[in-house]
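Below are the chains, spelled out letter by letter.
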Amino acid sequence: MNTTNLSLKKRLLTLCAAVTFATTVCAGNLVDGMPIVLGGELSNSAATCVEDIREVMPRMKKAGLNTVLVPVYWEFLEPQEGKFDYSLLDTMVDEARKNNLRIGILWFGAWKNSMSCYAPLWFKQDTKRYPRAVTRSGKPLEIASCFSENVYRADAAAFTAMVDRLQEIDADQKVVSMIQIENEIGMLEDARDHSPEANRLFAADVPEALIRHLQKNRKLLHSQLAEKWQQNGNKTRGSWEQVFGSDIYTDEMFMAWHYGVYVERLAKIARSRSSRMLYVNAAMNSRGRKPGEYPSAGPLAHLKDVWHAAAPTIDILAPDIYDTGFASWCSQYALADNRLFIPESRCCVNSGVRALYAFGEHDALGFSPFAIDQASPQEVAAVTNSYKLMEQIIALYNNRYAYIINKWGVLFDKDSKERVITDGAAVLTCRHYFTLPWDPRANSSSAWQEGGGMILKLAADEYLVVGNGIVVEFATEYEKKYEKERQQTGTERKLGEDGFLLAGDNSGKAKNDNAAPKFKGQRMGIGFVDEVETDANGNMKFLRRHNGDQSHQGRHVRISVDDWKILHVRLYRY
Ligand code: DGJ
């Protein structure tokens, strides 16, 4: 049986309203045309010898990735000043090509996690030519100063050699699709560099280009920046402290501007040679840390406007999401002026549903768990299973008969168990699978493995539920209102797995349904639930039907925490 038999008319109608995975406008429009990145980032030392690169690439292909993010280390590319060794770069491009993978290059140049640890020894030792950032008290840091033209020239020479080599070995850009410039740039220990050149520029006027950008984009400004500027009178001229006030957040903005200007110069070099996507990544300022306590001044959400003004050639500012609050970090980077792309996220059993959530809810360009080469089989399996579903959904989108007219991402854990989606007159109550009271894991005192995925709307009363660890109930708005009232009055009826009232709920009193409103034509039922798969051309194929116990006798649609599925749901009204 094929469940895709929509009438031609319906297909044409829905086609007109089809959404795509690339609806947001970003700094550079280039990213809109890019294929979705089902990625994984290699651990930091995974590409320091050719043998390791040869071993890891086929493994990543087997794990279901279409893109591997791999570091290119300045210290190996230019071990002696002016002498370049391309063996690691050549090997990674060759191996990716052989395995039909794309790669994203991570330029571990002047800075990696704030520090300058990947600069070659000849650079590190020569602090006279290549000065360090210094703290307020004058302590030098292992952070090259971004105010030094010598630092820039040395970094840029190596970066240029790398991008030129890419043009020789991957001129058609089929393998290397993107370049991350530096890695988690930022100041640590102090919110800003206090070297003499930094102090001079800090006392000088705020660059006009920044002020112009803030004025032009007033409506899109991050609230923290907008408030800070406004509290100081929205001045359009003056030193950094005069325009933005005297605090560590102004110090951070000042550094963000100068890091951004530095990166822009590298980005222009790359862009002059190719149209590869260019991005920068940021460590999040989580758990109440203040500038100086996290890699400050990187492309953090609250500094996005400064980065956009300083580095307009950069296509995406990307969050590395390790901490709790995955969904909240996503929403801070999925913006009208920035497409969400997650180059790093802790690789764990939750990575699979997080990826689906990011794609479904935010139209993410890509997702990439960090150190996937070192992850446990269980963690890798979560990513593999999720990407297998994504491949099918992408095929569906790419199908010229695609008829997806809306989509949502859902992500649940023990603290955030439910999301109610109102889709016109239909209400979808989506929950974590463990909310089913009969699942023994529901009562576990420990944290729940996350559940969720995506909901795709094919037509009125027709959806795909895609993911793992999720239950969805469908109701009309009318029914939902009635159910809410029953909850409020304590007269709701909770059912067990067999459909009987749960033990203890039955008081023995006769149930009076007189208060029930008229339901005729106002109830929503499940017509059928089919597990489906999509072939490479995006044609949906029936696998098996989920009815009886598997749909709680027609009451809901569910995918267990151990399963990864696409369920095709057809509803009806009665
Ligand atoms: C974020 C960095 O960007 C990675 O290179 C790596 O150091 C991870 N942190 C480690 O958690």
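Residues numbered from 1 in each chain as written. Predicted model: local features only at pLDDT ≥ 70, side-chain atom pairs only at ≥ 80, totals over all residues. Heavy atoms only, no water.

Focus: the sheet that holds strand S18 (residues 524-534)
Link 1 in the chain: If you trace the six strands from one edge of the open sheet to the other, you get S12-S15-S16-S21-S18-S19, paired in antiparallel fashion. The open sheet has two free edges, formed respectively by strand S12 (406-412) and strand S19 (540-545), since each of these has just one partner strand. For this sheet, the mean inter-axis angle between neighbouring strands, taken without regard to orientation, is 30°.
Link 2 in the chain: Sheet strands in contact with helix H14 (residues 351-362) are S12, strand S15 (451-459) and strand S16 (462-468), and its direction is about 145° off that of S12.
Link 3 in the chain: Strands in contact with helix H15 (residues 377-398) are S12, S15, S16, S18, S19 and strand S21 (565-573); relative to S18, the strand with the most contacts, it is inclined by about 100°. (Pairing = 2+ DSSP bridges. Helix = DSSP H or I, 4+ residues; strand = E, 2+ residues; numbered from the N terminus. Axes fitted to C-alpha atoms, helices over the stretch in contact; angles between N-to-C directions. Contact = heavy atoms within 4.5 Å.)

Re the pairing of strand S13 (residues 418-423)
Link 1 in the chain: As paired strands, S13 and strand S14 (residues 426-432) are joined by six bridges and run antiparallel to one another. Paired with glutamate 418 across the bridge in S14 is arginine 431.
Link 2 in the chain: In this antiparallel pair of consecutive strands, S13 and S14, the connection spans two residues, and glycine 424 shows a positive phi of 65°.

With respect to the sheet that holds strand S7 (residues 277-283)
Link 1 in the chain: With parallel pairing, the nine strands of this open sheet are ordered in space as S9-S11-S1-S2-S3-S6-S7-S8-S10. Two strands lie at the open edges of the sheet, namely strand S9 (341-342) and strand S10 (344-345), each paired on one side alone.
Link 2 in the chain: Where S9 and strand S11 (residues 366-367) come together, two bridges link them in parallel fashion. Note that in S11 the partner of phenylalanine 341 across the bridge is glycine 366.

A closer look at the confidence of the model for the protein chain
In low-pLDDT regions, the fine details of the predicted coordinates are not to be read closely.
Link 1 in the chain: When the pLDDT values of the protein chain are averaged, the result is 91; 90% of them are 70 or greater.
Link 2 in the chain: In this model residues 1-29 is a low-confidence stretch, pLDDT under 50, and it forms 68 contacts with partners more than four residues away in sequence or in other chains. (pLDDT = per-residue confidence, 0-100.)

Side note on the pairing of S15
Link 1 in the chain: With respect to burial, S15 is a largely interior element, nine of its nine residues being buried.
Link 2 in the chain: With seven bridges connecting them, S12 and S15 associate as antiparallel partners. By the bridge assignment for S15, valine 410 is matched with glycine 453. (Buried < 20%, exposed > 50% of the residue type's maximum accessible area, 1.4 Å probe, protein only.)

As for the side chain of lysine 112
Link 1 in the chain: Along the chain, lysine 112 falls in strand S3 (residues 102-112).
Link 2 in the chain: One buried charged residue, lysine 112, forms no salt bridge at all, with the nearest opposite charge on glutamate 184 at 6.5 Å.
Link 3 in the chain: Polar side-chain contacts of lysine 112 include one of 2.7 Å to the side chain of asparagine 44.
Link 4 in the chain: Not counting the four nearest positions on each side in its chain, lysine 112 is found in contact with Asn44, Cys117, Tyr118 and Asn183. (Lys, Arg positive; Asp, Glu negative; His and termini not counted. Salt bridge = Lys/Arg side-chain N within 4 Å of Asp/Glu carboxyl O. Polar contact = N/O pair within 3.5 Å; in protein donor to acceptor, adjacent residues only side chain to side chain.)

Structural notes on the site of the ligand
Link 1 in the chain: Around the ligand, the neighbouring residues are Asn44, Lys112, Asn113, Asn183, Glu184, Asp320, Tyr322, Glu344 and Phe370.
Link 2 in the chain: Contacts to the ligand include asparagine 183, whose side-chain N or O atom sits 2.8 Å from an oxygen atom.
Link 3 in the chain: A distance of 3.4 Å is found between an oxygen atom of the ligand and a side-chain nitrogen or oxygen belonging to glutamate 184.
Link 4 in the chain: Compared with its free state, where it exposes 300 Å², the ligand has 76% of that area covered by protein.
Link 5 in the chain: Taken together, the residues that form the shell around the ligand break down as two nonpolar, three polar and four charged. (Near = heavy atom within 4 Å. Areas by Shrake-Rupley, 256 points an atom, 1.4 Å probe, with all protein chains shown as cover. Nonpolar A, V, L, I, M, F, W, Y, C, P; charged D, E, K, R; others polar.)

Focus: the pattern of salt bridges
Link 1 in the chain: This structure, assessed with the given rule, holds 41 salt bridges.
Link 2 in the chain: Here glutamate 473 ties to arginine 431 by a salt bridge, and the two come within 3.3 Å at their closest N and O atoms. Residue glutamate 473 is located in strand S17 (residues 470-476), and its partner arginine 431 is located in strand S14; the two are separated by 42 residues in the primary sequence.
Link 3 in the chain: For arginine 441, the salt bridge identified is with aspartate 562, shortest N-O distance 3.1 Å. Of the two residues, arginine 441 sits in the loop between S14 and S15 while aspartate 562 sits in the loop between strand S20 (557-559) and S21, which places them 121 residues apart along the sequence.
Link 4 in the chain: Residues participating in the shared-partner salt-bridge network are Asp94, Arg97, Asp170 and Arg276.

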